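Secondary and tertiary structure notes
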Amino acid sequence: MPDGQVDLVVRFSSIHAIGTRLSALRKPADLVPPRTLIVRFKPGGAYPFFGVPMSELTDRVVPLDSLWGGDCRRLCERLAEAPTVAARVDIVEEALTKRLQDGEVFEPASAYLVRRAVRLVTQAPELPRVDALARALDISTRHLRRAFEEVVGLGPKEFARLVRFQRAVRAWRRATTSDWGAIAVATGYYDQSHLITEFKALTGATPRALLRSGPRADTQASTPSLPILVTEGAQALE
């Protein structure tokens, strides 16, 4: 579901980048190859690795060889020869670290401001308005929107929208009953109707239909079968 993050889907014979999304991406589990590694970049953490503004990847699935060229092909060859899952994880992490050491790393001038803005939004009890967020960073709203699109792939308003949506999903998973009115008020929506409208816009389904089969906090899902490496981006790997 939309969450402001970027994924790298590593299938050893091919690798794809999945940009930040404003819509749900659905794929039957039985169509995912068993030897698949997922790298998740937290919001604002993916931009150094792909060499382009993140807005160019938004709502797209892009073959990594179109961004990395020969480096991607060599990575696939190494992964195909690796004997274990742990070895493949090490190879992917090594490749990502190498990208950071490249002298031509994509680094927008305002990247540090966006990373700070992401923290402000995700940590705020009440989501800030764009103009208030810009004032807190001492920049114009236009500058903030442009920088967010380069670094996160979305504008700050759209990013805050996804943060609110994910808060509602987490609140539902913790709840003992599906009181969507209470969840809406607790997570920053005007009312239950507003929450339902946003869920439909972002996922194509109502909250009840979307989450009916999802696990709650007291019925945890089984451990994912896919190896997942989560990274903040440049700061984490350094």
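Structure first, text after, so check above.
Treat the numbers as computed from the prediction; the structure is a model and nothing was measured.

**Things to note about the overall build of the chain**
Of the regular secondary structure elements, the chain holds 11 helices and 5 strands. Expressed as a percentage of its 238 residues, the buried residues of the chain come to 44%. Restricting to contacts in the chain with at least 6 residues of sequence separation, those with at least 24 account for 69%. Summed over its atoms, the accessible surface of the chain is roughly 12800 Å², and 49% of this surface lies on carbon and sulfur atoms.

**Points about helix α3 (residues 85–101)**
Under the 1.5 Å per step criterion, the end-to-end length of α3 is 25 Å for 17 residues, consistent within 8% with the ideal 24 Å. Within the sequence span of α3, burial applies to Arg 88, Ile 91, Val 92, Ala 95, Leu 96, Arg 99 and Leu 100.

**Focus: unusual backbone geometry**
For Asp 59, which is not glycine, the phi dihedral falls at a positive 60°. The topology assignment puts Asp 59 in the loop between β3 (37–41) and β4 (61–63). For Asp 59, a relative accessible area of 34% corresponds to the partly exposed category. For Asp 138, which is not glycine, the phi dihedral falls at a positive 60°.

**Focus: the state of the cysteines**
One pass over the structure, following the stated rule, counts 0 disulfides. Summary of cysteine pairing: Cys 72 is not part of a disulfide, and the nearest cysteine sulfur, belonging to Cys 76, is at 4.4 Å. Under the relative-accessibility criterion, Cys 72 is labelled buried at 3%. The buried category is assigned to Cys 76, whose relative accessible area is 11%.

**A few points about the layout of surface pockets**
When its volume is computed, the second largest pocket comes out at roughly 630 Å³. What lines the second largest pocket is a set of 21 residues, among which Leu 127, Pro 128, Arg 129, Arg 164 and Tyr 190 lie closest to the centre. Per-element tally for the lining of the second largest pocket: the top contributor is helix α7 (residues 156–174), with 7 residues. Here the lining of the second largest pocket is built from residues that sort into 9 nonpolar, 3 polar and 9 charged.

**Digging into the environment of Val 52**
Looking at the element boundaries, Val 52 is found in the loop between β3 and β4. For the pair formed by Val 52 and Val 151, sequence separation is 99 residues and the distance between their alpha carbons is 9.4 Å. Residues contacting Val 52, with those up to four places away along its chain left out, are Leu 57, Leu 67 and Phe 106.

**A closer look at the side chain of Thr 203**
Note on placement: Thr 203 falls in helix α9 (residues 192–203). Judged by relative accessible area, Thr 203 falls into the buried class, the value being 4%. In this structure the side chain of Thr 203 is engaged in a polar contact, spanning 3.2 Å, whose partner is the backbone nitrogen of Ala 205. Apart from residues no more than four positions distant in its own chain, Thr 203 is found in contact with Pro 2, Ala 24, Arg 26, Phe 165 and Leu 210.

**Some words on helix α2 (residues 70–81)**
Its 12 residues place the ends of α2 17 Å apart at the C-alpha level, agreeing with the 16 Å of an ideal helix rising 1.5 Å per residue. Among the residues of α2, those classed as buried are Gly 70, Cys 72, Leu 75, Cys 76 and Leu 79. Where α2 is buried, its residues meet β1 (6–10), β2 (15–18), α1 (65–68) and α3.

**Let's talk about the pairing of β3**
Of all 5 residues in β3, 4 are buried; the element is thus mostly enclosed. Where β1 and β3 come together, 5 bridges link them in antiparallel fashion. Along β3, the bridge assignment pairs Val 10 with Leu 37.

**Some remarks on the packing of aromatic side chains**
A full pass over the atoms with the stated rule returns 5 aromatic pairs. Ring geometry for Phe 41 and Phe 49: centres 5.1 Å apart, planes at 40°, overall tilted. The residues Phe 41 and Phe 49 share a single accessibility class, namely buried. Pairing Phe 41 with Phe 50 gives two aromatic rings, centres 5.7 Å apart and planes at 75°, and the pair type is edge-to-face. Each member of the aromatic cluster is reached from another via a ring pair, and the members are Phe 41, Phe 49 and Phe 50.

The rules we used
- Residues numbered from 1 in each chain as written.
- Predicted model: local features only at pLDDT ≥ 70, side-chain atom pairs only at ≥ 80, totals over all residues.
- Heavy atoms only, no water.
- Helix = DSSP H or I, 4+ residues; strand = E, 2+ residues; numbered from the N terminus.
- Buried < 20%, exposed > 50% of the residue type's maximum accessible area, 1.4 Å probe, protein only.
- Contact = heavy atoms within 4.5 Å.
- Areas by Shrake-Rupley, 256 points an atom, 1.4 Å probe, with all protein chains shown as cover.
- Expected span 1.5 Å × (residues − 1).
- Disulfide = S-S within 2.5 Å.
- 1 Å grid on protein atoms, 1.4 Å probe; cavity = no way out; pocket = protein on both sides within 12 Å on 5 of 7 lines; lining within 4 Å.
- Points joined across faces, edges and corners; volume = space filled by probe spheres on them.
- Nonpolar A, V, L, I, M, F, W, Y, C, P; charged D, E, K, R; others polar.
- Polar contact = N/O pair within 3.5 Å; in protein donor to acceptor, adjacent residues only side chain to side chain.
- Pairing = 2+ DSSP bridges.
- Phe/Tyr/Trp six-rings, centres within 6.5 Å; stacked < 30°, edge-to-face > 60°.

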